[in-house]
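Structure assessment
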Amino acid sequence: MAEKKWMPRWFYQLASPRWCYEITGKLLPWFFAAAVVLLIGGAVWALLFAPADYQQGNSFRIIYLHVPSAILAQSAYMLMAVAGAVGLIWKMKVADMVLKSAAPIGASMAVLALATGAIWGKPTWGSWWVWDARLTSMLILFFLYLGVMALNSAIENESTAAQASAVLALVGLVNIPIIKYSVEWWNTLHQPATFKLTEKPAMPAEMWLPLLVMVIGFYCFFAVSLMQRLRNEIIWRERRTGWVRELLNKQ
Amino acid sequence: MATCRREFLLSFRRKSDLVNPLIFFLMVATLFPLGVSPEPGFLAQIAPGVVWVAALLATLLSMDALFRSDYEDGSLEQLLLSPQPLFIVVLAKVVAHWMMTGLALTIMAPLLGLMLFLPSEGMPGLMLSLLLGTPTLSLVGAIGAALTVGLKKGGVLISLLVLPLYIPVLIFGSSAVQAAVTGLPLGGYLALLGALLALALGLAPLAISAALRISISS
Amino acid sequence: MSFDSFSEFLSMGGHGLYVWLSYGLGVVILVANLIVPKLARDHLLKEQKRRLRREEGVR
């Protein structure tokens, strides 16, 4: 495997924890600044300047948190599973660490999506929880995250834990479309067409532009949090190596 | 084939492994009239879901034992080293396990149907959906069992890992029974359950083998 | 600007509780996701430096 280098060079550099630590150290402040600017700007735009929805009034403004967190919860799972696959195939330590670092962020995003969905549901549906297809799928996604995290913390050996979690994350990834489909199908079977939270015919630009800003801001935030956790993980796993010793002595 | 036969013989010798999930299945179904309401009309309404949930939990309960004893006496390690392809060996083990639990649950399900006043039109739907759905439950559950076999306290963890993955089977299975009760055609539901089973048959043994190798290597 | 006065902005047309609850929760979760790794890093660096000193002391 080592002889055949058929992936771009950065891919192999990424495999080096030290290189990864250094590059994330350089990227971190930029992403942090971008996340702060985008999230604050997006939130101000969303709360102050975006027009109120003609049906839902101002409770519509919750969309600017609900949708980005839901999108991020799903992308984070995807990233986690892909990192797991890379870790399994190329035995790449950094990928194992990415998997471990992405799980808690994704789970907290799922919690945020669920909570904002529930809070939004109260003025829209009149109850805190409705077994709506999207909310239910998000709840199951949250359970999948909990499973990966529980497995990862239950196994003591770090590389075994990472490999086992990777298998579970991949099984979950195969299952997500099936779960989504089955839940949507179950939903139409049991409920008359209700007022959907997020499905809007042709949202005007002054409504979706702040949403776009928030989504990009959430991605930047995710990158920041992921890099922070990844760097912690690198230091912990590489604590016996020379370069980490040097790093510790320097500080 | 040899593995399959060996598994059967072993399972028969451990009678409690065969009987316990069945007793559990029966007990869970008993809890609902006691906990909710013994009124026949109401029970008939929830019966499809209750029987399916009970079958799902009973399968889950039996999963922990699937690789446990083989792991403890070291024969699992030999199995991994044996020249037979692991895919086949694993599949044989799961099939043997299913015959001991899923098939037994399917045969016992009409009794629970009777206890919960499931209309007799629903019985074929119940049996067929369980027959097609429980192998999927065994296959997916085996992934969880393989991932946790090296851990001392794997039992609760398996449930956490596997229950979310069981949801599609539960939805299609109990819907099939409901459709049968109301006299709607069953074909679509059974086709979906069959599709899930085909997918699980193709992919789950790969995941189980990978998970076993990971668990054993540590 | 969608609001004429600050009190109107706070009340969000009667939905203030829901909107502010959501945004409050959002801020808490986002900030926690940045603070927790930061604290973990500080703790980790301190621990590892102590370990390093101890090991060098032994030599």
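As the structure is a prediction and not an experimental result, all values here were calculated from the model.

Now for the overall build of chain B. Of regular secondary structure, chain B possesses 10 helices and 0 strands. Going residue by residue from the N terminus, the α and β elements of chain B occur as α-α-α-α-α-α-α-α-α-α. Rg of the C-alpha trace for chain B: 18 Å, near the compact-globule value of 17 Å for 218 residues, within the 12% margin. Each principal axis of the C-alpha distribution contributes one length, and for chain B these read about 55 × 35 × 30 Å. Counting across all 218 residues of chain B, residues that qualify as buried make up 54%. By element, 73% of the accessible surface of chain B is carried by carbon and sulfur atoms, the whole surface being about 9,300 Å². In chain B, 10 side chains carry a positive charge and 9 a negative one; their mean positions are 9 Å apart.

Residues and elements named next belong to chain B. UniProt marks residues 18–36, 42–66, 86–119, 125–149, 156–177 and 189–212 with the feature "transmembrane region" (unreviewed entry), using the numbering shown here. As annotated, residues 18–36 has a helix share of 95% and a strand share of 0%, and its two end C-alpha atoms lie 29 Å apart. This span, residues 156–177, is 100% helix and 0% strand, and a straight line between its end C-alpha atoms measures 29 Å.

Time to look at the interface of chain B and chain A. Listed by partner, the interface residues are 25 residues for chain B and 27 residues for chain A. Both sides together, the interface formed by chain B and chain A hides about 2,100 Å², and carbon and sulfur atoms give 86% of it. When the buried surface of chain B facing chain A is broken down by residue, B:Leu147, B:Leu165 and B:Ile214 rank first, second and third, together holding 25% of it. At the junction of chain B with chain A, the criterion picks out 0 residue pairs in polar contact (both at pLDDT 80 or more). Among the secondary structure elements, those contributing two or more residues to the side of chain B that touches chain A are helix H8 (122–148), helix H9 (155–181) and helix H10 (187–217) of chain B. The greatest single-element share of the side of chain B that touches chain A, amounting to 11 residues, is contributed by H9(B).

Buried together is how nonpolar side chains tend to be arranged in soluble globular proteins. If you look at the biggest cluster of nonpolar residues, it comprises 161 residues, and the most contacted ones within it are A:Tyr64, B:Phe67 and B:Ile208. The greatest single-element share of this core, amounting to 16 residues, is contributed by helix H4 (residues 93–125) of chain A.

A few words on H8(B). All names here are of chain B. Relative to the 39 Å expected for 27 residues at 1.5 Å per residue, H8 spans 37 Å between its end C-alpha atoms, a close match to the ideal helical length. Along H8, the sharpest kink reaches roughly 30 degrees, centred on Leu 131 and followed within four residues by the proline Pro 135. The buried count for H8 comes to 22 of 27 residues, which makes it a mostly enclosed element.

Before going further, it helps to examine the side chain of B:Lys93. Topologically, B:Lys93 is positioned in helix H6 (residues 86–100). A polar atom in the side chain of B:Lys93 sits 2.4 Å from the side chain of B:Asp70.

We now examine the packing of H8(B) against H10(B). Geometry of a packed helix pair, given as the angle between the helix axes and the separation of the axes. All names here are of chain B. Following both chains from N to C, one finds H8 and H10 inclined at 20 degrees, their axes separated by 8 Å at the closest point. By the criterion of interaxial angle, the relationship of H8 to H10 is roughly parallel. Crossing angle aside, the handedness with which H8 passes H10 is left-handed.

Residue and element names in this part refer to chain A. Feature annotation in UniProt places "transmembrane region" (unreviewed entry) on residues 27–50, 70–90, 102–121, 133–155, 167–187 and 207–227, given in this structure's numbering. In the segment residues 27–50, helix accounts for 96% and strand for 0%; the C-alpha atoms at its two ends are 32 Å apart. Helix makes up 100% of residues 70–90 and strand 0%, and the two end C-alpha atoms of the span are 30 Å apart.

A few words on empty space enclosed by the protein. Throughout the structure, instances matching the rule amount to 1 cavity of 30 Å³ or more. If you add up the space inside the largest cavity, you get close to 40 Å³. Around the largest cavity sit A:Tyr77, A:Phe143, A:Leu144, A:Gly147, A:Val148, A:Leu168, A:Gly172, B:Leu160, B:Leu161, B:Pro164 and B:Leu165, which together line it. Those elements giving two or more residues to the lining of the largest cavity turn out to be helix H5 (133–154) and helix H6 (158–190) of chain A together with H9 of chain B. Residue composition of the lining of the largest cavity, by class: 9 nonpolar, 2 polar and no charged.

When the parts of a complex come together, some accessible area is lost, and that lost area is often used as the size of the interface. Each partner contributes residues to the interface: chain A has 43 residues there, and chain C has 32 residues. Buried surface at the junction of chain A and chain C, summed over both partners, amounts to about 3,500 Å²; 66% is from carbon and sulfur atoms. Of all residues in chain A, A:Leu47, A:Asn232 and A:Leu248 give up the largest surface area on contact with chain C, accounting jointly for 17% of the area buried on that side. The salt bridge partner of C:Glu55 is A:Arg240, with a shortest N-O separation of 3.9 Å. One can count 10 residue pairs in polar contact (both at pLDDT 80 or more) joining chain A with chain C. Residue classes in the side of chain A that touches chain C are distributed as 26 nonpolar, 10 polar and 7 charged.

Turning our attention to the state of the cysteines. Note on terminology: a disulfide is the covalent bond linking the sulfur atoms of two cysteines. Tallied over the entire structure, the rule returns 0 disulfides over all chains. Between A:Cys20, a cysteine without a disulfide, and A:Cys220, which holds the nearest cysteine sulfur, the sulfur-to-sulfur distance is 18 Å.

Below, the discussion takes up a nonpolar patch on the surface. Residues and elements named next belong to chain A. Residues Phe 32, Val 36, Ile 40, Val 44, Trp 45, Phe 49, Trp 208, Leu 209, Leu 212 and Ile 216 make up a contiguous nonpolar surface patch of about 860 Å² in total accessible area. Looking at the nonpolar patch element by element, the count peaks at 6 residues for helix H2 (residues 17–49). Following the sequence through the fold, Ile 216 ends up in helix H7 (residues 205–237).

Conventions we followed
- Residues numbered from 1 in each chain as written.
- Chains lettered and ligands numbered in written order.
- Predicted model: local features only at pLDDT ≥ 70, side-chain atom pairs only at ≥ 80, totals over all residues.
- Heavy atoms only, no water.
- Helix = DSSP H or I, 4+ residues; strand = E, 2+ residues; numbered from the N terminus.
- Rg over C-alpha atoms; globule rule 2.2 N^0.38 Å.
- Buried < 20%, exposed > 50% of the residue type's maximum accessible area, 1.4 Å probe, protein only.
- Areas by Shrake-Rupley, 256 points an atom, 1.4 Å probe, with all protein chains shown as cover.
- Lys, Arg positive; Asp, Glu negative; His and termini not counted.
- Charge placed at Lys NZ, Arg CZ, Asp CG, Glu CD.
- UniProt positions renumbered as here; feature names shortened; annotations may be inferred.
- Contact = heavy atoms within 4.5 Å.
- Buried area = accessible area lost by both parts, 1.4 Å probe.
- Polar contact = N/O pair within 3.5 Å; in protein donor to acceptor, adjacent residues only side chain to side chain.
- Core = buried A, V, L, I, M, F, W, Y, C linked by side-chain atoms within 4.5 Å.
- Expected span 1.5 Å × (residues − 1).
- Bend = angle between axes of the 7 residues up to and from the residue.
- Axes fitted to C-alpha atoms, helices over the stretch in contact; angles between N-to-C directions.
- Parallel < 35°, antiparallel > 145°, perpendicular 65-115°, else oblique.
- Left-handed = near helix turned anticlockwise from the far one by under 90°.
- 1 Å grid on protein atoms, 1.4 Å probe; cavity = no way out; pocket = protein on both sides within 12 Å on 5 of 7 lines; lining within 4 Å.
- Points joined across faces, edges and corners; volume = space filled by probe spheres on them.
- Nonpolar A, V, L, I, M, F, W, Y, C, P; charged D, E, K, R; others polar.
- Salt bridge = Lys/Arg side-chain N within 4 Å of Asp/Glu carboxyl O.
- Disulfide = S-S within 2.5 Å.
- Patch = residues over 30% accessible without salt bridge, like charges linked within 9 Å, V, L, I, M, F, W, Y side chains within 5 Å.

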